[in-house]
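Residue-level structural notes
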Amino acid sequence: MADRIEIGFKEGVRDSLGEKIKKRIIENLHIKVDSVKTIDVHTIDGNLTRKELDMAAAGPLSDPIIQGFAINSGLADRFDWMIEVGFRPGVTDNVGKTAREAIELLFGKLSDRLSGVHTSRQYVIEGRIGRDDAETIASSLLANDLIERYVIVDGKSWDRRKGLSPYVPRVIGEDRVHIEEINLDASDKALMEISSRRLLALNLEEMKALRNYLTDKSILKERKKAGLGGKMTDAELECLAQTWSEHCKHKIFNARIVYEDERGKREEIDSLFDSCIKRATKEIRERLGKDDWCLSVFVDNAGIIRFNDDYNLVFKVETHNSPSALDPYGGALTGIVGVNRDPFGTGRGAKLIFNTDVFCFAPPTYDKPLPKRILHPRRIYEGVREGVEHGGNKSGIPTVNGCIVFDERFLGKPLVYCGTGGIMPAVIQGKPTHTKEILAGDLVVMAGGRIGKDGIHGATFSSEELHEGSPVTAVQIGDPITQKKMTDFLLMARDRGLYRCITDNGAGGLSSSVGETARLSGGCEIDLKKAPLKYAGLNPWEILISESQERMTLAVSPDLVQEFLALAEKMDVEATVIGRYTDSGMFHVLYGDATVAYIEMDFLHDGVPQMQLQANWQPRIYPEPDFPEPADMGQSLKDMLGRLNICSKESVVRQYDHEVQGGSVVKPLVGVCNDGPSDAAVIRPILTSFEGVVVANGICPRYGDIDTYHMAACAIDEAIRNAIAVGGSLDFMAGIDNFCWCDPVQSEKTPDGEYKLAQLVRANKALYDCTRAFGVPCISGKDSMKNDYNIGNVKISIPPTLLFSTMGRIDDARKAVTLDAKRPGDLVYIVGETYDELGGSEWYAMHGVIGNRVPKVNVEKAKALYRALSKAISAGLVASCHDCSDGGAGIAIAETAFAGGLGMLIKLALFPSSGIRRNDTLLFSESQSRFVVTILPTAKKSFEAMMTGIAMGQVGEVLAEGFLKIDGLDGRRIIEEDISGLKAAWQKPLNF
Amino acid sequence: MPKEVKSIVITGNGTNCEMEMAHACRLAGSDVVDIVHISMLLYGEKSLDDYHFLNLPGGFLDGDDLGSAKAGANRILHAKIKGKKENLFDQFARFIGRGKLILGVCNGFQLLVKLGMLPGFDGDYRNQTTTLTFNDSGRFEDRWVNLRVNPDSRCIFTRKVTGIYLPVRHGEGKFVTKDKDVLERLHRDHQVVVEYSHEDFRDAVMDYPANPNGAIDGIAGICNETGRIFGLMPHPEAYLHRTNHPRWTREQLPEEGMGLAIFKNAIDFIRKEDV
């Protein structure tokens, strides 16, 4: 049986969550309600006495100062509508889990009398609205049908004494194991049916490779010994599909591509990954020779570089787009806690020191009809923001850097990039930490959370477009506290040398984590029956590929396993030996005594056939815009400052803890009022030292409409120049590439696949050219290739997007600079040359045009500029430095001024540029590798000497009076605006 | 020979400011600083009895799932220490009884309040009379605030400090009392230690964002009757060096961050007094 404990605020206590919901109902849904109050409900699935229920309610579950409770009756009194939202069976309920633990602590273990606690929330609404409105509020705001259920109660029929009857979202599962065998000795058509019916996301060539594998006589003979026949088990098929998924194997990046350019010149590319990304890194490392500071690139869960003699830095950025489209909160939360496990599971394991987040959304103001299964962009925005907030803040990792990009095409899929950096001692117990080792005989141990049906098919699901049958089990909710407990434990185990190897369970679950690490010893043998489950009813294949969160897989030497397990128990972390690593060459999976998978390691990892693809590049030509220079340039500047891609993101940034761990040096919000936009973050990961880490990013999908080569080059330049702007240096900067593409494989569904693949080729060519020339090696990266929406007749593809993130070192964090103008009388410089490059710019976007003259990066010039500027900053000659990006120099100047609370006088005629005759071009051109710099007048000589040979101009000065005054090319004043008005225009759009 | 000062920083179950808290204790001159996972206390491997200064850092105990620090308080009240007849609360009570110092920051403050250790009227450390609840804004926020220090407070930690600038980083920091009497008594007995103020550190303020959460009378931190237990929402351990200050690139600031004074006062007191 079950009981309900309802907890609500006492009369007169402010219910700020209720108020927030009310505001959203009014603002987002345009439904007028008078008040919303919230009540938390704990449904106790068990057999507790009334007295025990009272004690639990009055004890850990409620706050006696501000809350009251009711047991098995309604707490809400009078209302018009009440909506109660609870989880569906099997969905992670973090609060319920904590409540259960608290109750057990109160009464001692109650295993026989307490099956679980499930939470739900009531929204008690007053207002003259109808059932339809209540339904809209429930479905469009409060509940996500995929993971939650709701009931709507009409106030007229409410009987408080009775209340609602308890509902227990228990997973009804039988402990009956079923192993299916699939006959692959079938026609091509039948093979493809199997692939699509089972959501394998494998193509015909791959299915044929599986079919062929089972025709090999020696393999069949081996299989027979293990008790398997000529058919593939479900576990084998699923495991291979996960391992061979686009998500895990990056098949497009490893494909053989024939690329043909606009002049018909053909080129054959054997793996973009090898020939562009890895190659550039390899060449940079060779150039660095003995000074090479890269330690582990592309081979582990994250990249590792040297920080100093004693410590290494680790960095990885991931995306979690598809889950965030379906459940923004859970998807983003899982995204952030998921990427946390990458650096955590790299080498011997790293302590996590910063998070980054970059989101791409459709505008929250979107007001057209929504295609089926698509959530409103504002809901996505708020859900993703909150998911990352909970994931980052609760894990105690500062979110130091990020940005938000808006484009209507992200309606099809939002992009949710989450990055995490870590630090590890270079040596632990005499052994280097950046490599991995496993010996045959080591035990396979799973630690952390339990396995459920959540996250099944995540890897294959994200390797497909969002379609009608996209599985709801792919959605999951992360649990940052379970993960925190696990990481606390594992860091201690690491320092005591209790495990040999660590890796995370992400996409593909155990099949992937054990499958990958088993390569180090040459095989494994695991028993899925030993793996702890959340509930009964999982088939072996589900246990094998479930992506349930908060789990790490470890290799533990048998002589240390008792100590390891004892420490886990003490620290309240579940750890279970599920098998051992072998050198048999086989990936051997059992369920009890029965073999459920027996696959050659070589085939599992290297059996996937290489894709053969065709790419055709045909540049797109857009009409050149023809609009007159605006008469009121001041208003234009304000309009630009209020553009979504430019405006302040403070409301989001504030909700992320950006200074936990105590090493914050350059925060995301700086300036006289702590609200100016930083270019990059600087942190000190070791509190006794002033060595700093610089973290930055670059992303500019709009340029890709013209040419993805320049889109990629500009993203790389932006990430680097952001880092340079705060004091970073090209001497010590590593990159992470994250490609998010729309499907680039030519097919019926994607008739322009060859063009999209050409876009991918071009972006990779730019990545090779730029990272190599800048000397900024990629150390890790990720791609997400199927960011399309395809339901009914509607297809929405995201614009091809490269996020480039950098992590570098600053020798002395006390030399970092920020963007805000510092003192009246300081001199203002534009560093770097401005060209007529408005193609794909925000200025053109505001006029509804794209144009063709996309910004181009001149790496050699940029390199010289960055080196000189780094030197000047390090010499203490620079008072403020701000990079010019979206909206160009005009926006950078305005931000520098209002962040410093100071005015400026600027003369456009003094800009270093050539052949530009329009003021708006000078102000808003997005030419790359440029900065707005201010310096003390006394530093002029030294600064200019240090910048010899660099295109730059002293274009004005900082004023005490709070006005931004800009004189046009002909010397006439074209802008004279109060900086508080400019700032207000910049702050307004996303201030909700 | 001067007395050796031993500080303990408790971590585990979602605590996440233990590193910088320990760093603050070291900078302030504590001779021994141990970051101790709560499981070590529960397994009897470490004991509060061996320390003078107990630090309860910020974080999200058990995710703050049942309200901030609620489940954490429940653990201290009811979790037994292995092999002993006492639970964690008994160790806390003994620690307090010996006049030792406790500092709770953010989640640590929430914990002290929900246990009833603050304000701890009449030496009753198990009776909750105040709470910290959801910010009026309904959101978690990271922002720097000015704090006025009550000159009449008996708080050991804020001696010779008149005002202080620190970050708050919380979603549940609104201080509320059970009733008017509790509030009046807190003021009357000068148990209110720090209040949100403007830059001049003069008056307690209610206006957002200077008062970031809507705390009653702008109360940001309180102490017990002896001034030896102190809890506050803002983070003194987040401002130990000038580069932590959000405007360090534009202001002339002393090398040492303002938050360190809180820890120095504690360590100095312990070294001098018989605790």
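Reading the values: rules and limits
- Residues numbered from 1 in each chain as written.
- Chains lettered and ligands numbered in written order.
- Predicted model: local features only at pLDDT ≥ 70, side-chain atom pairs only at ≥ 80, totals over all residues.
- Heavy atoms only, no water.
- Helix = DSSP H or I, 4+ residues; strand = E, 2+ residues; numbered from the N terminus.
- Rg over C-alpha atoms; globule rule 2.2 N^0.38 Å.
- Buried < 20%, exposed > 50% of the residue type's maximum accessible area, 1.4 Å probe, protein only.
- Contact = heavy atoms within 4.5 Å.
- Areas by Shrake-Rupley, 256 points an atom, 1.4 Å probe, with all protein chains shown as cover.
- Lys, Arg positive; Asp, Glu negative; His and termini not counted.
- Charge placed at Lys NZ, Arg CZ, Asp CG, Glu CD.
- Pairing = 2+ DSSP bridges.
- Axes fitted to C-alpha atoms, helices over the stretch in contact; angles between N-to-C directions.
- Buried area = accessible area lost by both parts, 1.4 Å probe.
- Salt bridge = Lys/Arg side-chain N within 4 Å of Asp/Glu carboxyl O.
- Parallel < 35°, antiparallel > 145°, perpendicular 65-115°, else oblique.
- Nonpolar A, V, L, I, M, F, W, Y, C, P; charged D, E, K, R; others polar.
- Phe/Tyr/Trp six-rings, centres within 6.5 Å; stacked < 30°, edge-to-face > 60°.
- Domains from an automatic or database assignment.
- Polar contact = N/O pair within 3.5 Å; in protein donor to acceptor, adjacent residues only side chain to side chain.

Remarks on the overall build of chain B
- Looking only at helices and strands, chain B features seven helices and eleven strands.
- Computed over its C-alpha atoms, the radius of gyration of chain B comes to 17 Å, within 12% of the 19 Å expected for a compact globule of 275 residues.
- Per-residue burial over chain B gives 68% buried out of 275 residues.
- Sequence separation of 24 or more characterises 75% of the internal contacts of chain B that already satisfy a separation of 6 or more.

Here we look at the overall build of chain A
- If you tally the helices and strands in chain A, you get 29 helices and 43 strands.
- For chain A, whose C-alpha radius of gyration is 29 Å, the value lies close to the compact-globule estimate of 30 Å for 992 residues.
- Each principal axis of the C-alpha atoms in chain A carries an extent, and together these give about 85 × 75 × 60 Å.
- Scored against the burial criterion, the 992 residues of chain A give a buried share of 66%.
- A sequence separation of at least 24 residues applies to 82% of the contacts in chain A between residues at least 6 apart.
- For chain A, the accessible surface area stands at approximately 34300 Å², while carbon and sulfur atoms represent 49% of it.
- Taken as two groups, the 119 positive and 138 negative side-chain charges of chain A have centres that lie 1 Å from each other.

Regarding the sheet that holds strand β1 (residues 2-9) of chain A
Residue and element names in this part refer to chain A.
- Across the sheet, which stays open at both edges, the six strands sit in the order β3-β1-β2-β5-β4-β6 with antiparallel pairing between neighbours. Of all strands in the sheet, those with a lone pairing partner are β3 (67-71) and β6 (148-154), marking the two edges. Within this sheet the neighbouring strands show an average axis-to-axis angle of 25°, counted without direction.
- Pairing of β1 with β3, which is carried by five bridges, proceeds in the antiparallel orientation. Bridge assignment links I7 to a residue of β3, and that residue is F69.
- The strands touched by helix α4 (residues 131-142) within the sheet are β4 (81-87), β5 (114-126) and β6, with β6 carrying the most contacts at an inclination of about 155°.

A look at the interface of chain B and chain A
- Of the residues lining the interface, 60 residues belong to chain B; the matching set on chain A comes to 68 residues.
- Summing both sides of the interface, chain B and chain A together bury roughly 5300 Å²; the carbon and sulfur share of this comes to 54%.
- If you sort the residues of chain B by the area they bury against chain A, L66(B), D142(B) and R250(B) come out on top, with a joint share of 13%.
- Where chain B touches chain A, the interface holds six salt bridges.
- Notably, a salt bridge pairs R250(B) with D820(A), separated by 2.6 Å at the nearest N-O pair.

Quick word on the packing of helix α26 (residues 888-900) of chain A against helix α29 (residues 979-987) of chain A
Residue and element names in this part refer to chain A.
- Running from N to C, α26 and α29 point in directions that differ by 110°, and their axes come no closer than 9 Å. Between α26 and α29, the interaxial angle falls into the category roughly perpendicular. When α26 is examined against α29, the residues A894, E895, A897 and F898 are found in contact with a partner set consisting of I979, L982, K983 and W986.
- Taken together, the residues of the contact of α26 with α29 sort by class into six nonpolar, no polar and two charged.

Considerations on the sheet that holds strand β9 (residues 256-260) of chain A
Residues and elements named next belong to chain A.
- Taken in spatial order, the three strands make up an open sheet running β10-β9-β26, and their pairing is mixed. If you trace the sheet from one side to the other, it starts and ends with β10 (266-270) and β26 (612-616), each paired once. Across the sheet, the axes of successive neighbouring strands diverge by a mean angle of 20°, strand direction being ignored.
- Pairing analysis gives five bridges linking β9 to β10, with the strands arranged antiparallel. Looking at the pairing, I257 lines up with I269 of β10.
- Running at roughly 80° to β10, helix α10 (residues 272-288) makes contact with β9 and β10 of the sheet.
- Together, β9, β10 and β26 form the strand contacts of helix α23 (residues 753-774), whose direction differs from that of β26 by roughly 85°.

Structural notes on helix α3 (residues 70-78) of chain B
- The buried fraction of α3(B) amounts to eight of the nine residues, a majority that puts the element mostly inside the structure.
- Every buried residue of α3(B) is accounted for by K70(B), A71(B), G72(B), A73(B), N74(B), R75(B), I76(B) and L77(B).
- On its buried face, α3(B) sits against α2 (50-61) and α3 (94-107) of chain A together with α2 (38-42), α4 (88-97) and α5 (107-115) of chain B.

Here's the deal with the packing of aromatic side chains
All names here are of chain A.
- What the rule picks out here adds up to 28 aromatic pairs over all chains.
- Ring centres of F273 and F298 lie 5.4 Å apart, and the angle between their planes is 90°; this geometry places the pair in the edge-to-face category. One end of the pair, F273, is in helix α10; the other, F298, is in the loop between β11 (294-296) and β12 (303-306), and 25 residues separate them in sequence.
- For F273, a relative accessible area of 22% gives the class partly exposed.
- Exposure remark for F298: the relative accessible area of 18% places this residue in the buried category.
- Arranged with centres 4.7 Å apart and planes meeting at 20°, the rings of W293 and F732 form a pair that is stacked.

Observations concerning the domain arrangement of chain A
All names here are of chain A.
- Segmenting chain A into domains produces domain 1 (2-157), domain 2 (216-263 + 437-608) and domain 3 (817-992).
- Look at where the C-alpha atoms of domain 1 and domain 2 centre, and you get two points 37 Å apart.
- At the interface, nine residues of domain 1 touch eleven residues of domain 2.
- At the boundary of domain 1 with domain 2, the tally comes to one salt bridge.

A look at the environment of L959(A)
All names here are of chain A.
- Along the polypeptide, L959 turns up in strand β41 (residues 952-959).
- A relative accessible area of 14% places L959 in the buried class.
- Along the chain, L959 and A332 lie 627 residues apart, while their C-alpha atoms are 44 Å from each other.
- Every residue in contact with L959, bar those within four places of it in the chain, is listed here: P824, L902, G903, M904, L905 and K965.

Digging into the side chain of S548(A)
All names here are of chain A.
- Structurally, S548 can be placed in the loop between α17 (540-545) and β22 (551-556).
- Here the side chain of S548 touches G452 through a polar contact of 2.8 Å, landing on its backbone nitrogen.
- The residues contacting S548, other than those within four sequence positions of it, are R450, I451, G452, D454, Q476 and K534.

Let's talk about helix α1 (residues 18-27) of chain B
Residues and elements named next belong to chain B.
- Counting buried residues along α1, seven of its ten residues qualify, which places the element largely inside the surrounding structure.
- For α1, every residue scored as buried is listed here: E18, E20, M21, A22, H23, A24 and C25.
- The positive-phi residue at the C-terminal boundary of α1 is G29, with phi of around 105°.

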